[in-house]
Amino acid sequence: MAGIHFDNRERFTELGFAIAYYRKRRGLSQDQLAERVGISRQHMGAVEAPNMNRGISLELLFNIATVLNIEPYMLLKFNPEK
């Protein structure tokens, strides 16, 4: 598999947009969501920031989805028109 280069920046950007979208729909601040999932507001800000492309664990993804009362796939297959 030498020579293969993965570029997931766009996916991380979309994930951040999805988290921010559903967080705002639930009426939560970054501070509130971060506290409920057990991370710092700075970490949450980095996850949502489009230029940070910070990877997150599946555990954190599942915890965020649980707090937002949505299925985890909704964060990965984000489409705000639906």
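In this numbering scheme, every chain counts its residues from 1 along its sequence in written order. With the structure being a predicted model, the display of local features is reserved for residues of pLDDT at least 70 and the display and counting of side-chain atom pairs for 80 or more, all residues being used for whole-chain, interface and lining totals. The side-chain values count all of the structure's non-hydrogen atoms but skip hydrogen atoms and water molecules.

Caption draft 1: Quick peek at the overall build of the protein. By the criteria applied, helices consist of DSSP H or I runs no shorter than four residues and strands consist of E runs no shorter than two, each listed in order from the N terminus. Counting secondary structure elements, the protein contains five helices and zero strands. The globule rule used for comparison is 2.2 Å times the number of residues to the exponent 0.38, while the radius of gyration itself is calculated over C-alpha atoms. Taken over C-alpha atoms, the radius of gyration comes to 13 Å for the protein, in line with the 12 Å a tight globule of 82 residues would show. For the protein, buried positions account for 37% of its 82 residues. In this analysis, two residues are considered to be in contact whenever any of their non-hydrogen atoms come within 4.5 Å of each other. In the protein, once contacts between residues fewer than 6 apart in sequence are set aside, the share between residues at least 24 apart is 60%. Here the Shrake-Rupley method, with its probe set to 1.4 Å, supplies the accessible areas, and only the displayed protein chains count as covering residues. Put simply, the protein shows about 5700 Å² of open surface, and 50% of that area lies on carbon and sulfur atoms. The charged-residue count follows a simple rule in which Lys and Arg add positive charge and Asp and Glu add negative charge, with His and chain termini not counted at all. By convention, the point assigned to a charge is CZ for Arg, NZ for Lys, CD for Glu and CG for Asp. Across the protein, the centroid of the 11 positively charged side chains sits 2 Å from that of the 9 negatively charged ones. Buried residues are those whose accessible area, probed at 1.4 Å on protein chains only, stays under 20% of the maximum for their type, while exposed residues exceed 50% and partly exposed ones sit between those limits.

Caption draft 2: Spatial organisation of the nonpolar core. As used in this record, nonpolar core signifies buried Ala, Val, Leu, Ile, Met, Phe, Trp, Tyr and Cys residues forming a set joined through side-chain atoms within 4.5 Å. Counting residues in hydrophobic clusters, the biggest one holds 20 residues, and the most contacted among them are Ile19, Leu33, Met44, Ile64 and Leu75. Of all elements in the fold, only helix H1 (9-25), helix H2 (30-37), helix H3 (41-48) and helix H4 (58-68) reach the threshold of two or more residues within this core. For this core, the leading source of residues is H4, giving five residues. Not counting residues up to four positions away in its chain, the partners in contact with Leu33 are Ile19, Arg23, Leu28, Met44, Ile64, Val67 and Leu68.

Caption draft 3: Expanded view of the layout of surface pockets. Estimated volume of the largest pocket: approximately 230 Å³. Buried and open spaces are told apart on a 1 Å grid over the protein atoms alone, a cavity being a set of points where a 1.4 Å probe fits but cannot get out and a pocket being an open set with protein on both sides within 12 Å along at least five of seven lines. Residues with an atom within 4 Å of a point are the lining residues. In this structure, the largest pocket is lined by 13 residues; those nearest its centre are Arg11, Phe12, Leu15, Leu75 and Leu76. Going through the elements one at a time, H1, H4 and helix H5 (72-76) are the ones with two or more residues in the lining of the largest pocket. Residues that form the lining of the largest pocket fall into these classes: eight nonpolar, two polar and three charged. Grid points are joined across faces, edges and corners, and a volume is the space filled by probe spheres set on the points. Gly is put with the polar residues, along with every residue not named as nonpolar or charged; the nonpolar set is Ala, Val, Leu, Ile, Met, Phe, Trp, Tyr, Cys and Pro, and the charged set is Asp, Glu, Lys and Arg.

Caption draft 4: Structural context of the packing of H1 against H3. Angles shown run from 0 to 180 degrees and are taken between the N-to-C directions of axes, each axis being a line fitted to C-alpha atoms and, for helices, limited to the stretch in contact. Two numbers describe how H1 lies on H3: the axes approach to 7 Å, and their chain directions differ by 120°. From H1, Gly16, Ile19, Ala20 and Arg23 reach across to H3, where they touch Met44, Val47 and Glu48. For the contact of H1 with H3, the per-class residue count stands at four nonpolar, one polar and two charged.

Caption draft 5: The arrangement of H3 in detail. In terms of residue burial, H3 counts as a mostly covered element, since six of its eight residues are buried. Among all positions in H3, only His43, Met44, Gly45, Ala46, Val47 and Glu48 are buried. The inward-facing, buried residues of H3 contact H1, H2 and H4.

Caption draft 6: Local environment of the UniProt feature "domain: HTH cro/C1-type" (unreviewed entry) in the protein. UniProt positions are given in the numbering used here, feature names are shortened, and annotations may be inferred rather than shown by experiment. With numbering aligned to this structure, UniProt lists the feature "domain: HTH cro/C1-type" (unreviewed entry) at residues 19-75. Regarding residues 19-75, the helix share stands at 67% and the strand share at 0%, and the terminal C-alpha atoms are separated by 6 Å.

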